[in-house]
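One letter stands for each residue in the lines below.
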Amino acid sequence: MRKIAFILLTLLSLNARADEGMWVMGNISAKVDSVLHSMGLELTAEELYSTEQPSLNNAIIQLGGFCSGVVVSPDGLVFTNHHCGFGSIQDHSTTKHDYLKYGFFAKKFEDELPNEGLYVLFHIKTVDVTDLILGAVPQGATELEKDSAINATSFRLMQMVDYSGKGIESEVNPFYKGSKYMLSVYQRYDDVRLVYAPPQCLGKYGGDTDNWMWPRQTCDFSVFRIYADKDNNPAEYSKDNVPYHPVKYAHVSTQGYQDGSYAMTLGYPGSTDRYLSSYGIESTMRTTNDVRYQARGVKLDILNEAMRQSDALRIMYASKHASSSNYWKFSLGQNTALDNLKVIDEKQQLEKELMEWAAQDTVARGQYIGILDSLKTAYQQDYSSLYAYNLWVESFYGGSDILGFVVRNMMGAMNGRASGDFHEKVEKAYRDIDVPTDKKVFLALLKNYIEHVPGEQFLPQGLMHEVDSIWHGDYSLYVDNLYANSVFARPEEIKQVHDFSEAADDPMVTMAMDAITALYAVYGTSRGNESEYERLLGDGIREMNHDKEYYPDANFTMRLSYGLCKPIDFAPGTTGLKEEATNLITSPRSFLNKHEQNPDNLDFELIPQVYKWMKKGKFSPQYIDKRTGELPLCFLTTNDITGGNSGSGMFDGKGRVIGLAFDGNWEAMSGDLKFDNALQRCIGVDIRWVLSVMDDYSHAKRLIKELTLE
Ligand code: ARG
C-alpha cells in the first residue's frame, strides 16, 4: 500500500510540473529522460540525440538566427513557419509577382529562389564546460576580471574544436545567468532556397487580430530547401549547388493525435527569464513593455495607413510591420497576463521563502540575506535609465529606418566595427524604404520621445536647441528641413556615396550624433547592478530547492520541450466559434466562420481561390482526422516554447512530425517570465493541413512525393 501511494505520488508530482522546461539537447539528465519515456516517448536517448549515430537531433535546424525548422526529405526540404519565411517571401514579391498575397510554388528545382543572407545551422553537439570556465576564474576576481577570464577560456575552448569539416562553428554560452557554461558545435549551410509559401490569407490568417491567441486557424508554414556543393558540403550560393542530403530527416505522420497524446518540440527558443525577481518583473512591465507598446503603437498607425495606400507600399513594409506588431501586441499581452495571474505576488512568496531559509543559517547563506534590498535599490536607481533606454531604442534605433541606418553605421564606426561594404549596406537597407512614410515615422517618434522621456538629460540637446532657435518650437519644420537637406533622404543620391565618411557633414548624421549623445547620457546614469543580484537570487533559489531539477533559461541553444496534446479549459475566444475554443483542434468551419463574421477586418480577408477551396471542402481523405471527420487545422500542446521556437517540428512519441509550432496563447503570455502549468499552451499548425494546402490547393505533388508519410 505504501509503495502504491508512493508511486502515485511521484506520478502526480511529475504530472503537476511535467510540461514546464526547455531541456538542453545534449545535456538531458537520466531523470528527465525517464519522464519523457513515461509520458510516451518511444525513441531511445540515442535516437533522440547522439554524437555517434544519426539521431532526430540531426534533422532539426536553426533558421537564420531567428527561427527553427525541421528537415523532412532526403533532398534537404525544410518545413518552417510562414512568419519565419515572411521576409524572404516579401523579398521575392513584386506587385506583378505578389507571392505574399497569392503564395509561391517552385514547380522544379531550378525555380527555387535563393535568399541572400539566409542560412541554417545543424546542431552537432553540446558539452558542459562549466568546470573549465569557472575553474579558470581567479579567486576574488571583480566582475570585470571574471568576464575577461571567462572570455579567454571560452576562446581557448572554441579553438580546440575540430574544424576539419566545412562550415563548422562553435560558441560558448552562459546558462543560469552564468552559473554554468556549455560549448555547442554547429554546421552552417548558406544556400537556402524558397520552395513553397501558401497565400498570406492562409499563412497569416487572422493577422494581428488573432496573433498570440487561441482558437486559431492560421496555416503558418513555408518550405525551404538546403543546397550544398557536389560533395554535400556547405557552400555559398551557386547555381551549380545541388540539394543537400541530410544525415537524418524526419518522417511525417498523417495519423494525428488525441487529447493526452505525447508531443514534443525540438528547436531554438530565444530568450526567457523564468527566474527573474519580483522587482525585475515590475521593471520589465513598466520600463520595457509599457514603453514598447506605446511607442510602437505610434509607429504602427503610420505603417498601417501607408500599407493601405498601395500594393507597392503594402509589400514594401510587410515584414517590418509584422515584426514590429508582433512584439507590440506581445508587450500588452505579457503585462495583462502578469497582472491576471498575479505573478508578482507569486514571486514575492518565493522570495519570502528564500529569506526564511537564509535566516536559518546566516553563516553559510549569508550572501542571500540582503539580496532583496539590493535588488529593490538597483531597480529603483535604474528606473529612469531603463525606461529611457527602451524608449531610445524604439524611437531612434528601431523607429525611422533612415535614422536607424545612420545611427547603426555611426555606432559601428565608433566601436571600430564598421564592417562590410557601405554601398552594399545602402543597397540593402534602401530596398524597403519609402521616404515620405519614413519621414512621418521620424516626426511622430521624435515628438513622442520628447514627450515621454523621463529626464531632460536624455534629450537630444542640439536638436532641441535648433528647434527652439530656428524653427520656433515647430518640430515638423525641423523635420521638413532635415529631410530636404539630408542625402540619406534621397535614395538615388545615397547610392552614389562610397563611404560613410563622405557624408560626415550631413544633417542626418548631426541628428544621429545628437541621439547617440543622449544614449550616452542614459548609459552614464545607469548603475547596472541588476544582473549580478538576479544571478545571486537564482543561485539561492536553486540551492534552497536543491532536490528539484531546474532547466536553464532559453538562450537560443537547441532545446527539447515535452508534454501532451491538450485543449485549454475555458472559452475566451475573441472571434469565431465559441465551442471550438475548448476543442483540441480547429476546423474549416471555424476558419470560414471567422471570415464571414468579420467582413470588414482585413485580417480575415480571403483571396477568392482560397475561399472557394475552403468552402468546397474537398480535401484528400488521408489528411482528414479520423476522430473528428474533418480536416484538422491548428491544435494545442502543453510544450514549453517561446519566440525562436517558431517553425519547430512538433513530434509524436515515435519522433514523427505531427505539426509545426507557431504561437503561444494570450491567457499565459506571462510565460517568458513564469510558466503557467494550467494555462500555457503551444499553438501548432497540424501537418495534415500543411500537406493538404500543398497537395490539394497547390497540387505540389513533387514536394509531397519527397516526404516519408506514415
Ligand atoms: N506570435 C508569433 C510568434 O512570435 C508570430 C505570429 C506571426 N503572426 C502574425 N500575425 N504576426 O512566434
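The rules behind each value
Residues numbered from 1 in each chain as written. Predicted model: local features only at pLDDT ≥ 70, side-chain atom pairs only at ≥ 80, totals over all residues. Heavy atoms only, no water. pLDDT = per-residue confidence, 0-100. Contact = heavy atoms within 4.5 Å. Buried < 20%, exposed > 50% of the residue type's maximum accessible area, 1.4 Å probe, protein only. Helix = DSSP H or I, 4+ residues; strand = E, 2+ residues; numbered from the N terminus. Pairing = 2+ DSSP bridges. Near = heavy atom within 4 Å. Polar contact = N/O pair within 3.5 Å; in protein donor to acceptor, adjacent residues only side chain to side chain. Areas by Shrake-Rupley, 256 points an atom, 1.4 Å probe, with all protein chains shown as cover. Nonpolar A, V, L, I, M, F, W, Y, C, P; charged D, E, K, R; others polar. 1 Å grid on protein atoms, 1.4 Å probe; cavity = no way out; pocket = protein on both sides within 12 Å on 5 of 7 lines; lining within 4 Å. Points joined across faces, edges and corners; volume = space filled by probe spheres on them.

Novice: Which residues make up the confidence of the model for the protein chain, and what values do they have?
Specialist: On average, residues of the protein chain score 94 in pLDDT, and 96% of them reach the 70 mark or higher. The low-confidence segment residues 1–18 (pLDDT under 50) makes 7 contacts with residues lying over four places distant or belonging to another chain.

Novice: Describe in detail the pairing of strand β11 (residues 222–228), supporting the description with residues and values.
Specialist: Across the 7 residues that make up β11, a large majority, 7, are buried. Every second residue of β11 is oriented toward a common face, with S222, F224, I226 and A228 on one face and V223, R225 and Y227 on the other, all of them buried. Taken together, the 4 bridges between strand β4 (residues 77–80) and β11 define a ladder with antiparallel strand orientation. Each bridged residue has a counterpart across the sheet, and for T80 the counterpart in β11 is S222.

Novice: Explain the site of the ligand residue by residue, including any values.
Specialist: Around the ligand, the neighbouring residues are H83, K204, G207, N211, W212, N326, S646, F662 and D663. Within the side chain of H83, a nitrogen or oxygen atom sits 3.4 Å from an oxygen atom of the ligand. Contacts to the ligand include D663, whose side-chain N or O atom sits 2.9 Å from a nitrogen atom. Contact with the protein chains hides 94% of the accessible area of the ligand, taken as 350 Å² for the molecule alone. Here the shell around the ligand is composed, by residue class, of 2 nonpolar, 5 polar and 2 charged.

Novice: Could you give an account of the environment of L266, with specific residues and numbers?
Specialist: Mapped onto the elements, L266 comes out in strand β13 (residues 262–267). In this structure the C-alpha to C-alpha distance between L266 and L56, which are 210 residues apart in sequence, comes to 9.1 Å. Discounting chain neighbours no more than four positions away, the residues touching L266 are M25, L56, I60, M558, R559, L560, S648, G649 and F651.

Novice: Please provide a residue-by-residue account of the layout of surface pockets, values included.
Specialist: Within this model, the second largest pocket holds a volume of roughly 910 Å³. Residue lining of the second largest pocket: 30 residues in total, with Q200, M307, R314, L602 and D603 positioned closest to the centre. Broken down by secondary-structure element, the contributors of at least two residues to the lining of the second largest pocket are α5 (99–102), α8 (200–203), α9 (207–210), α10 (278–309) and α11 (311–340). The element that contributes the greatest number of residues to the lining of the second largest pocket is α11, accounting for 7 residues. Looking at the lining of the second largest pocket residue by residue, the class counts come to 13 nonpolar, 8 polar and 9 charged.

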